[in-house]
Amino acid sequence: MNIKEIKKEEDKVVIKIVSSGEEWKKAIDKEMKSACANLKIDGFRKGKVPISEAKKHLNMANILSNAANKAINNGVLEIDNDQKVK
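Rules of the game
- Residues numbered from 1 in each chain as written.
- Predicted model: local features only at pLDDT ≥ 70, side-chain atom pairs only at ≥ 80, totals over all residues.
- Heavy atoms only, no water.
- Helix = DSSP H or I, 4+ residues; strand = E, 2+ residues; numbered from the N terminus.
- Buried < 20%, exposed > 50% of the residue type's maximum accessible area, 1.4 Å probe, protein only.
- Contact = heavy atoms within 4.5 Å.
- Areas by Shrake-Rupley, 256 points an atom, 1.4 Å probe, with all protein chains shown as cover.
- Core = buried A, V, L, I, M, F, W, Y, C linked by side-chain atoms within 4.5 Å.
- Expected span 1.5 Å × (residues − 1).
- Polar contact = N/O pair within 3.5 Å; in protein donor to acceptor, adjacent residues only side chain to side chain.

Draft legend 1. Focus on the overall build of the protein chain. When helices and strands are tallied, the protein chain shows 3 helices and 2 strands. In sequence order, the secondary structure elements of the protein chain are arranged as β-β-α-α-α. Counting all 86 residues of the protein chain, 17% fall into the buried class. In the protein chain, 42% of the contacts between residues at least 6 apart in sequence involve partners at least 24 apart. Of the roughly 6600 Å² of accessible surface on the protein chain, 48% is carried by carbon and sulfur atoms.

Right, dumping it as structure tokens:
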């Protein structure tokens, strides 16, 4: 995850965070596995649904939204740990 730009204005801070393709794929895969762990489909045991079958039953918008939110939170934590913005 790269922090491209930090702009400090009057009462706000604008931060531009760029994630590489590999990091984004890992975040999506992690969210898919998390969602599959709680998915119950007839014919499969809970948590044992193959990802190919789970994709038919999961809301991909929620998966992508959760992955994006976690990536943003990680970026903000990284900035906070580096103390670039106070």
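Draft legend 2. Quick look at the nonpolar core. The biggest cluster of nonpolar side chains holds 10 residues, and these are Ile28, Met32, Cys36, Leu39, Ile41, Val49, Ala54, Leu58, Ile63 and Ala67. Counting residues per element, the ones that place at least two in this core are helix 1 (21-37) and helix 3 (60-82). At 3 residues, helix 1 tops the list of elements feeding residues into this core. With residues near it in sequence (within four places) discarded, Val49 still touches Cys36, Leu39, Ile41, Phe44 and Ala54.

Draft legend 3. Local environment of helix 3. Helix length check: helix 3 (23 residues) gives 33 Å between terminal C-alpha atoms against 33 Å at 1.5 Å per residue, within 8%. Capping the start of helix 3, Asn59 holds a side-chain oxygen 3.1 Å from the backbone nitrogen of Ala61, two or three residues further along.

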